[in-house]
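Okay, here's what each chain looks like letter by letter:
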Number of protein chains: 2
Amino acid sequence: MRVELICIGTELLTGKVNTNIAYIGARLNSIGLELSNEITVGDDKKEMEKVFIESFGRADVVIMTGGLGPTFDDLTREIASKVLRRKLIFDKDIMAQIARHFIDRNMEMPKNNESQAYIISGARVITNKTGTAPGQIIEVKSLKFKVKNIVLLPGPPAEINPMFENTVLPYLKSKYEQKIVKSKILHVYGLPESKVDELIKPIVKSENNVFFTILAHLSVIDIKITVSGTDEMLVDETLNKIKTEIYEILKENIFGEDNETLENIIGNLLIKRRKTLAVTESCTGGLLSHRITNIPGSSVYFRAGIVAYSNSEKISILNVDPETIEKYGAVSGETVLEMARGLQVISKADYVLAVSGIAGPGGGTAEKPVGLVYFGLATPTERLVEKMKFLGSRIEIKGKSVNYALDMLRRQLIGTHPI
Amino acid sequence: MRVELICIGTELLTGKVNTNIAYIGARLNSIGLELSNEITVGDDKKEMEKVFIESFGRADVVIMTGGLGPTFDDLTREIASKVLRRKLIFDKDIMAQIARHFIDRNMEMPKNNESQAYIISGARVITNKTGTAPGQIIEVKSLKFKVKNIVLLPGPPAEINPMFENTVLPYLKSKYEQKIVKSKILHVYGLPESKVDELIKPIVKSENNVFFTILAHLSVIDIKITVSGTDEMLVDETLNKIKTEIYEILKENIFGEDNETLENIIGNLLIKRRKTLAVTESCTGGLLSHRITNIPGSSVYFRAGIVAYSNSEKISILNVDPETIEKYGAVSGETVLEMARGLQVISKADYVLAVSGIAGPGGGTAEKPVGLVYFGLATPTERLVEKMKFLGSRIEIKGKSVNYALDMLRRQLIGTHPI
C-alpha cells in the first residue's frame, strides 16, 4: 500500500513554510496509513506533468494540495485531467456555491472564478466551506497507472483541514484501513524540555512498539506517544498504561491532552466552578484576551479585557494609584496587583489576571531588562504576584507571558499553586 | 541549471513540520538559484536509494538534509556512498571534534557517534558548530549521473542554518551564480484575489523573464514579482516598471511592500501625523490590540484597548447607552459608534476603532448570522460605520475582521476612505 503526497506551488519552493505535509502525514497515520514520500513542485506545467505521471504509476493513492485557485498559475485540474485523459466538466451546483460566496460578501464574482467550477469527469466533489475551490476524489481504473485514488485539495491549511477530516479521511479509512495506530499527546507546562525528557526517559527506554516525540513551543512541552499494532484492545491498553505512568511522574504539570489548550482548560475549569474572568494586560498587548476568546463560548465566563498600554490608562481606567507607578514603576508587582484589583472592582469578575512587563526590543534597563514580566492574580479571596524573566523576540515574550499567565490561573483553579 | 532538495526523515512524513524547504528555497533564490523540486523520504533504505539515483541523474546540484545522526536509522552517508560507488573514510579530526562536543557538556560520548566521523571519499567537510554531524560537499564527475555537486546537511534547522550561510551558500554562489534575481512583494487589501488576478493579467501576459505569484491570506492578497537577468540595472528597471504599472492599476488598494504589514503601516501613518489610537473590540476579542502591539514602539501611539465582551462592560466601561443595545443589539452600527465614541472620551485618543460581530460557531441568527461584523471609527472630526459578512472559522473571522478594521483606519489616514 503506497500513499504519495504532491504539494504544488512555487511559493513552497521559494520561502513559504508548508505545514500540510506534517498535517496530512499525521492524520493518515491515525488510520494506519503512511506517506511513502512527498514531492513539492512549482506551478510549472512540464514539471507537474512529469511528477503526476510518475506518481500515478507508482502509488495506490496520490494526494495533491494546491493549484486549484482561480488564477493563471493554478494548473492542477487541467494537468491532472490531461494525464488521466478525462474531460473537465463544468458543474453548475459548484458554480452556484462559488457565486454565493461572493454574494455573501457583497462582491461581484470575477470571471476567473468560473475555472473553479470544473470537475474531472467522474470525480466526487469535496465541498469547501472556507474557500471557493472544491476538492475532488477521483477513482482510477487504468491499465497505464497503478493509482486507484487521486485526491485533489486546495493549498491553504484552513481549507484543507475540514475537507480532510470530514471527507478524505473517512473515505480512505473505509477503503484502506489495515493497521491500528493510536496516539496521545500530553501537554506539559512548568518544566523545561530537557527535564521532561530526563524524567520520562525510563519509560521511553522500556517500551518497544511505542514511538515517543517531545516538542516544545513557547514553554509548552508536548509529549506524543504513538502505539501501533493489529489488536485494538492491546493498542489501547499499552497507550493507557504509558499515559498513566507519565501522569504519575509529571502530575499536575500535565495540563491537558490532544487538542486541549491552556485557554480551553481554564475555560472548562471556570465553567465548572461557575466563575468569571477578566484580564488586564500591558506588554502582552491583547494576546491574553485573544487567546481566551479563541475558545467558542468563552463569552459565558470572560467579562472583559483591558489593554492598558500607557500609564495614564492604568490610572484612568483601572484606578491604579499614580504614586504606585511613580514609586515602583509600571513594571512591578505592586502595579500588577493594583491593576488586578482595579479591574476586579470594575468588572465584578471573580478572577482577574494582570500582566505588565517589557516585551522589547527597546525599553529595557539593567534593573528591568527586556523579558521581565510581572503577573498579578486577584481571586475571590486573595491576591498573588509572580515575576518571570523570558528570553526571545517581542512576539515570543508575548506568547510565553500569556502561557505563564494562563497556567498561573489554572494552578490556582485546581488548587496546586504555586508551581 | 537544476537544483533539487531531498529531505530525509520518517518524522517529516508523520507529523513534524519541515521548515528547511522554505529556508533553503529562499536562500538559494538570493543567489539566483531556484529549487526545481523537493522530495521528502522516510528513513528507508530502498526508498532513499531509488530517490538518490533518480535525482543524481536529473539535477546539477542535489542538496540533502537529515539522516546524518548517530543512530541505526540514519542512512544518508551509507546510501550516498553506495550509489556514488565511493568509500566512506574515517576522519580523525572530525572524531576529535565530536568527542570535544561531549567533553564540553561533561558527558561520555556514546559509541554510536563514531559513525558520524565517516566522510565520503573526496568530500569537503562542513563544520557543524551547533551539533555533532558535520556536513559534506561532494564534487561528482560521472558518466552515469548528471549531478555535479551533492551537499549533505544534518536535519535540525539550528544546525543547517549556520552551515548553509557560512559554507554552502558561498560555495554555490562562487560556482553557479550567473543570474541576478530580484523580487518585490506588493500587499493588497480591499479586492478579491480573482479580481486582482483579472486586473493585473494584462501585465502578467506582456512580460516574459518575469515570474508572478498571487497568494491570499485572511483577505490580504500578496503579489510577488520576480525578475531575473544578467544585467543588474536592467533587472532593477524591469522590476520598477512592473511595480509602477501595478500601482497604477491597483492604486491605494496596495497598502505595503515586502515585510510591511497593515499594523506597521498604520503605525507609521499615526507617527507621521502625530496621532494616537485606541481600540475597543468585542468579537475579535483582543486580536486587534495584539496585532497593533506586535509592532515595536507601538506604545508611542497606542493608548489602550478594551475588550468589552459582555454587554454590561460595554455599558459600564464604555458608557454605551443600554437602550442602544436593547433597541439595535450589541452587534449593530449604532452600538459600535457608541463604543468608539465612549472610548474616545475615556482615552482621549485621536482615532478609535470599534469592532462588534459574531465570530461563531454559535450565536448566529437568520437576521444576524455568524460572520456579520460592524466596524466603527471615530476620528478627530467624524464617525464612520461599516458592515461586513465574513466566512470561515471563528479564528478566521477574527483575523479577517482585524484586517478589515486596520485597513479602514489606513484608508481614513491616507484620505481615500471608503473603498
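Since we're looking at a predicted model, the values are computed, not measured.

Chemist: Please set out the overall build of chain A residue by residue, giving values where relevant.
Modeler: When helices and strands are tallied, chain A shows 13 helices and 17 strands. A principal-axis box enclosing the C-alpha atoms of chain A has dimensions of 80 × 60 × 40 Å. Taking all 419 residues of chain A together, 58% fall into the buried category. Counting contacts in chain A only where the partners sit at least 6 residues apart, residues at least 24 apart contribute 67% of the total. For chain A, the exposed area adds up to about 17,700 Å²; of that, 52% sits on carbon and sulfur atoms.

Chemist: How would you summarise the sheet that holds strand E12 (residues 254-257) of chain B if you had to cite specific residues and measurements?
Modeler: Residues and elements named next belong to chain B. Taken together, four strands build an open sheet; the order of strands is E10-E11-E9-E12 and the sheet is antiparallel. Edge strands, defined here as strands with exactly one partner in the open sheet, are strand E10 (210-217) and E12. Each strand of the sheet is rotated relative to its neighbour by a mean of 25°, with strand direction disregarded. As paired elements, strand E9 (residues 180-189) and E12 share three bridges and run antiparallel to each other. Paired with Leu186 across the two strands is Glu257, which belongs to E12.

Chemist: Give me empty space enclosed by the protein: which residues, what numbers.
Modeler: Tallied over the full model, the rule gives one cavity of 30 Å³ or more. Lining the largest cavity are 14 residues, with Ile39, Glu54 and Arg58 of chain A together with Ile39 and Glu54 of chain B sitting closest to its centre. At the level of secondary structure, the elements contributing two or more residues to the lining of the largest cavity comprise strand E2 (35-41) and helix H2 (45-58) of chain A together with strand E2 (35-41) and helix H2 (45-58) of chain B. The class makeup of the residues in the lining of the largest cavity is four nonpolar, two polar and eight charged.

Chemist: Quick one: what's the story with the domain arrangement of chain A, residue by residue and with numbers?
Modeler: Here chain A is described as being made up of domain 1 (3-176), domain 2 (180-257) and domain 3 (262-414). The straight-line distance from the C-alpha centre of domain 1 of chain A to that of domain 2 of chain A is 34 Å.

Chemist: Give me the nonpolar core: which residues, what numbers.
Modeler: Counting 64 residues, the largest nonpolar core has Phe52 and Phe56 of chain A together with Phe52 and Phe56 of chain B as the members making the most contacts within it. When residues no more than four places from it in sequence are discounted, the contact partners of Phe52 of chain B are Ile6, Ile8, Met64, Thr76, Ile79, Ala80 and Val83 of chain B. Counting residues in each nonpolar core, the second largest holds 52 residues, with Cys7, Tyr23, Ile24 and Met163 of chain A among its members.

Chemist: Tell me about the interface of chain A and chain B, and please be specific about residues and values.
Modeler: Between chain A and chain B, the residue contacts involve 74 residues of the former and 75 residues of the latter. Regarding the contact of chain A and chain B, the summed buried area is about 5,900 Å², with carbon and sulfur atoms giving 56% of it. Among the residues chain A hides against chain B, the three largest losses belong to Leu13, Phe72 and Tyr309 of chain A. Together they make up 10% of the total. For the pair chain A and chain B, the interface holds two salt bridges. Of the charged contacts, one joins Arg2 of chain B and Glu47 of chain A as a salt bridge, the two residues approaching to 2.6 Å between their closest N and O atoms.

Chemist: Tell me what's going on with helix H7 (residues 232-250) of chain B, and back it up with residues and numbers.
Modeler: All names here are of chain B. If you check H7, its first and last C-alpha atoms are 27 Å apart, about what 19 residues at 1.5 Å a residue would give, namely 27 Å. Among the residues of H7, those classed as buried are Val235, Thr238, Leu239, Ile242, Lys243, Ile246 and Leu250. All buried residues of H7 fall inside an arc of 130° around its axis, so they share one side. Along H7, exposed side chains directed more than 90 degrees from the buried face belong to Met233, Glu237 and Glu248. Turning to H7, the residues buried within the fold contact E9, helix H6 (193-206), E10, strand E11 (220-229) and E12. With a side-chain oxygen positioned 3.0 Å from the backbone nitrogen of Met233, the residue opening H7 is Asp231.

Parameters and conventions
Residues numbered from 1 in each chain as written. Chains lettered and ligands numbered in written order. Predicted model: local features only at pLDDT ≥ 70, side-chain atom pairs only at ≥ 80, totals over all residues. Heavy atoms only, no water. Helix = DSSP H or I, 4+ residues; strand = E, 2+ residues; numbered from the N terminus. Buried < 20%, exposed > 50% of the residue type's maximum accessible area, 1.4 Å probe, protein only. Contact = heavy atoms within 4.5 Å. Areas by Shrake-Rupley, 256 points an atom, 1.4 Å probe, with all protein chains shown as cover. Pairing = 2+ DSSP bridges. Axes fitted to C-alpha atoms, helices over the stretch in contact; angles between N-to-C directions. 1 Å grid on protein atoms, 1.4 Å probe; cavity = no way out; pocket = protein on both sides within 12 Å on 5 of 7 lines; lining within 4 Å. Points joined across faces, edges and corners; volume = space filled by probe spheres on them. Nonpolar A, V, L, I, M, F, W, Y, C, P; charged D, E, K, R; others polar. Domains from an automatic or database assignment. Core = buried A, V, L, I, M, F, W, Y, C linked by side-chain atoms within 4.5 Å. Buried area = accessible area lost by both parts, 1.4 Å probe. Salt bridge = Lys/Arg side-chain N within 4 Å of Asp/Glu carboxyl O. Expected span 1.5 Å × (residues − 1). Arc of directions from axis to C-beta. Polar contact = N/O pair within 3.5 Å; in protein donor to acceptor, adjacent residues only side chain to side chain.

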